Amino acid sequence: MRTLPLVVVGGSAGGIEALLELAAELPADLPAAVLVIVHTSQRPDTALARILARAGPLPAALADDGAPLRPGHILVAGPGRHLMTSRTGTVNLSAAPRVNQHRPAIDVLFASAARTHGPHVTAAVLSGALDDGAAGAALIARAGGRVTVQDPADARFSSMPRAVQRSVPDAVAARASTLGPVLADLATCMAHTEDIPMSEPRDTAPAAGDLDLVRNDGTVPSRIVCPECSGALARIDLPHISYYRCHVGHQYGPQSLEAAQREAAEAKLWSAVAALEEHAALARHLTENMLDTVPPDYVTAAQHSADLAASLRERIVIATPTAPPDPE
């Protein structure tokens, strides 16, 4: 059987506007199935599928577990579940650990598409911050698929397209308004070429919790810990990008890991402030209410903790930037 061509699209901040432009230019007779992930809120009543259906000629629906891949149809990832492809021609949803602090994550969709459809995949990465999609795009390119990006000069946030250009140096860049025809041409070429044998054995589907982007390939232990679960992170090396994975399954691109670590470090500092202030309050309470049994140095200890908390609070407020630094 000929493998159905697959178009996978990912975006984040500023990505919805670009996605609408892209969808408006896709032809009604597109010979490929389209899967879409945009990092939006985790509310269950996402309206993105309805918006896409109105934006262009292709019908769009929220992806259900086991939904079939059909040419000329768009399936949109809903909140709280990773969207993955299978070799049975359907999609799978999974509540496995977050990747790049997202669920659904673009890297998970791209990695599964590379595994199940290999050279029959065309990927597009739209406007967004940090680097979700960069490692997955590298896997699609390595599997023989094609990678495109929204031209960084056209993107509202250029970090994600630029990260993909670094991980896939020959990725095709185009404005959002012209990406639709580019993707349609690539999908049409795939539909009219001979089926290419897959380099990996054809299993039925990736396991629900199997989100490893690469198995036993370039894994290097690191001293860095996962900012979400504190498990040790291993570094996975691809030709033009490295990413990080803990044994639980949380995964990060380099920029996403730095952002998550920065956020976790600030949270720990505020926890230290809270602990010091709580100790000061307890020592004062004991001093005021248990005068006969409390050692006299409790007053000194309370003041010491209060002073440390105030000093640390001041340093955090001064040192914390009003917005994360632009990785570009």
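About the criteria used
- Residues numbered from 1 in each chain as written.
- Predicted model: local features only at pLDDT ≥ 70, side-chain atom pairs only at ≥ 80, totals over all residues.
- Heavy atoms only, no water.
- Helix = DSSP H or I, 4+ residues; strand = E, 2+ residues; numbered from the N terminus.
- Buried < 20%, exposed > 50% of the residue type's maximum accessible area, 1.4 Å probe, protein only.
- Contact = heavy atoms within 4.5 Å.
- Areas by Shrake-Rupley, 256 points an atom, 1.4 Å probe, with all protein chains shown as cover.
- Core = buried A, V, L, I, M, F, W, Y, C linked by side-chain atoms within 4.5 Å.
- Axes fitted to C-alpha atoms, helices over the stretch in contact; angles between N-to-C directions.
- Parallel < 35°, antiparallel > 145°, perpendicular 65-115°, else oblique.
- Left-handed = near helix turned anticlockwise from the far one by under 90°.
- Nonpolar A, V, L, I, M, F, W, Y, C, P; charged D, E, K, R; others polar.
- Salt bridge = Lys/Arg side-chain N within 4 Å of Asp/Glu carboxyl O.
- Pairing = 2+ DSSP bridges.
- Right-handed = clockwise from strand over helix to strand, strands pointing away.

Engineer: How should I be thinking about the overall build of the chain in this particular structure?
Structural biologist: Along the chain, the regular secondary structure elements total eight helices and 13 strands. With 328 residues in all, the chain has 47% of them scored as buried. Intrachain contacts of the chain at a sequence separation of at least 6 include 71% that bridge at least 24 residues. Carbon and sulfur atoms make up 55% of the accessible area of the chain, which totals about 15,600 Å².

Engineer: Is there a simple way to explain the nonpolar core in this structure?
Structural biologist: Counting residues in each nonpolar core, the largest one holds 38 residues, and the members touching the most others are Leu6, Val8, Leu35, Leu83, Val91, Phe110 and Ile140. Ignoring anything within four residues of it in the chain, the contact list for Leu6 reads Ala32, Ala33, Leu35, Leu69, Thr85, Ala113, His117, His120, Val121 and Thr122. Core analysis: the second largest hydrophobic core is formed by 27 residues, Val9, Ala18, Ala23 and Leu58 among them.

Engineer: Just to check I follow, could you spell out the packing of helix H4 (residues 134-142) against helix H5 (residues 159-167) for this structure?
Structural biologist: The axes of two packed helices give the description: the angle between them and the distance between them. At a minimum axis separation of 8 Å, H4 and H5 run at an interaxial angle of 40°. Judged on the interaxial angle alone, H5 and H4 are oblique. Crossing angle aside, the handedness with which H4 passes H5 is right-handed. From H4, Ala134, Ala137 and Ala138 reach across to H5, where they touch Ala163, Val164 and Ser167. In the contact of H4 with H5, the residues fall into five nonpolar, one polar and no charged.

Engineer: What is the right way to read the pattern of salt bridges from this model?
Structural biologist: Side-chain pairs of opposite charge can arise where the charged atoms are in close proximity. Under the defined criterion, the tally for this structure stands at six salt bridges. Here Arg98 and Glu228 are joined by a salt bridge, their closest N and O atoms 3.1 Å apart. With a gap of 130 residues between them, Arg98 in the loop between strand E6 (91-94) and helix H3 (106-117) and Glu228 in the loop between strand E10 (219-225) and strand E11 (232-237) connect regions that are remote in the sequence. Asp237 serves as the salt-bridge partner of Arg235, at 2.8 Å between the closest nitrogen and oxygen. By relative accessible area, Arg235 is classed as partly exposed at 27%.

Engineer: How should I be thinking about the sheet that holds strand E8 (residues 146-150) in this particular structure?
Structural biologist: The strands making up a sheet associate through backbone hydrogen bonding, with each pair oriented either parallel or antiparallel. Taking strand neighbours across the sheet as the criterion, the seven strands line up as E3-E4-E2-E1-E7-E8-E9 in an open arrangement whose pairing is parallel. Unpaired on one side and paired on the other, strand E3 (60-62) and strand E9 (172-174) mark the two borders of the sheet. Shown here is a sheet whose adjacent strand axes are inclined to one another by a mean of 20°, direction ignored. In terms of strand pairing, strand E1 (residues 6-11) meets strand E7 (residues 121-125) through five bridges, oriented parallel. Bridge assignment links Val7 to a residue of E7, and that residue is Thr122. Across the sheet, helix H1 (residues 15-24) is in contact with E1, strand E2 (33-38) and E8; its angle to E2 comes to roughly 165°. Docked against the sheet, helix H2 (residues 48-55) engages E2, E3 and strand E4 (74-76), running at close to 175° with respect to E3.

Engineer: Quick question: what am I supposed to make of the packing of H3 against H4 here?
Structural biologist: H4 packs onto H3 with a crossing angle of 10° between their chain directions and a minimal axis gap of 7 Å. In terms of orientation, H3 and H4 fall into the roughly parallel class. Residue-level inspection shows Asp107, Phe110, Ala111 and Ala114 of H3 in contact with H4, the latter providing Ala134, Ala135, Gly136, Ala137, Leu139 and Ile140. Here the residues of the contact of H3 with H4 are counted per class, giving eight nonpolar, one polar and one charged.

Engineer: Would you take a moment to explain the pairing of E8 for this structure?
Structural biologist: The side chains of a regular strand alternate between both faces of the sheet. By the criterion of burial, E8 is predominantly enclosed, with four of the five residues buried. Here four bridges tie E7 to E8, and the two strands are oriented parallel to one another. Residue pairing in the sheet places Val125 in a bridge with Val149 of E8. Chirality of the crossover, the property in question, places the unit of E7, H4 and E8 among those that are right-handed. Of the strand pairs in this sheet, E8 and E9 are connected by three bridges, and their pairing is parallel. From the neighbouring strand, Thr148 faces E9, where its bridge partner is Val172. Note on the crossover from E8 through H5 to E9: the handedness is right-handed.

Engineer: Please explain the environment of Asp151 as it appears in this structure.
Structural biologist: Along the chain, Asp151 turns up in the loop between E8 and H5. When the C-alpha atoms of Asp151 and Pro161 are compared, they prove to be 7.1 Å apart, with 10 residues separating the residues in sequence. Here Asp151 is in contact with Ala173, Ala174 and Arg175, once residues within four sequence places are set aside.

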